[in-house]
Amino acid sequence: MQGQDGERDRHGARNGGDRSPGAPGGMPAGAPAGTSAEAPAGTPAEVPAGAPDGTSAGAPAEVPDPEPRRGRPRSAAAERAILDAVIALLEAGEPLAGLSIERIARTAGVGKATIYRRWSDKEELFVDVVRDMEPDDPPVSGTEGLADLRVMLESLRTRGLAQRSSALLHNIFAQMKSHPKLWNEYHGTVIAPRRLAMVEAVRRAVAAGELRDDLDVELIDDLFVGPMLVRTVHRPDAPLPDDLADRIITALLQGLAPAARV
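Figured I'd write up the structure that's included with this text. (Residues numbered from 1 in each chain as written. Predicted model: local features only at pLDDT ≥ 70, side-chain atom pairs only at ≥ 80, totals over all residues. Heavy atoms only, no water.)

### Remarks on the packing of aromatic side chains
Tallied over the full model, the rule gives 3 aromatic pairs. Ring geometry for Phe 173 versus Trp 183: centroids 6.4 Å apart, planes at 75 degrees, classification edge-to-face. Within this pair, whereas Phe 173 is found in helix 6 (residues 167–176), its partner Trp 183 is found in helix 7 (residues 180–207), the two being separated by 10 residues in sequence. A residue is classified by how much of its surface remains accessible, and Phe 173, at 7% relative accessible area, is buried. A relative accessible area of 23% places Trp 183 in the partly exposed class. Each residue in the set Phe 173, Trp 183 and Tyr 186 is aromatic and connected to the rest through ring pairs, giving one cluster. (Phe/Tyr/Trp six-rings, centres within 6.5 Å; stacked < 30°, edge-to-face > 60°. Helix = DSSP H or I, 4+ residues; strand = E, 2+ residues; numbered from the N terminus. Buried < 20%, exposed > 50% of the residue type's maximum accessible area, 1.4 Å probe, protein only.)

### What to know about the nonpolar core
Membership of the largest hydrophobic core comes to 32 residues, with the highest contact counts inside it found for Ile 82, Val 86, Ile 104, Ile 115, Leu 125, Phe 126 and Ile 172. Elements represented by at least two residues in this core include exactly helix 1 (76–91), helix 2 (101–108), helix 4 (122–133), helix 6 and helix 7. Among residues more than four places away in sequence, those in contact with Val 86 are Leu 99, Ile 104, Leu 125, Phe 126 and Val 129. (Core = buried A, V, L, I, M, F, W, Y, C linked by side-chain atoms within 4.5 Å. Contact = heavy atoms within 4.5 Å.)

Written out as structure tokens, the structure reads:
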């Protein structure tokens, strides 16, 4: 939800594609059959006149796919238009609770079916909107312990910076917490997997001898994450310096007790 140390272009889409809210991706209400940009895979866009089998005279027959694709192809342009439509409505002052699938579809220039093919309900769509506004989760090795833990702590810091720099993002999170179904969807699909990844990094650090093996790994994880959450969530005025993740890790590894006097 944030750009690293500043504003991230919210149109720098995860999914890419046409940014135009009118980009095709579904069949607008009332459009004649066969005009959808998302026609079933394998259906020719146009059958030339005089070619009963769908090929032009003299053209070699098309070799069929050995593994035909099933269902409708996903359109990156349509997804981009839908996400941008939600953001545009929120920027215009519409509350999350007041947004309907009909309104979003009309703003995006797509049909409701185009939205429902991608998201089962508004909550699922809104979670993807928030994730689209956040910085991408950084890649981790999946084999390192403390090194991966540091990367994830730094990601938590940059997400905090993004919330601070975006009034819209801050407002969305405030609204999400007053809608239990939406917050639970975000927690289950975003927060819980991130926490699990950090706990697994702690386990790897313990196995590698980088951390004590006589403490509960979830407690160790809380000790690392806690200071960053206090700074990013509970103390919005607290500084978030570039070296904060390193300082947290160093303080925990060295301990808080004073050095023994000789």
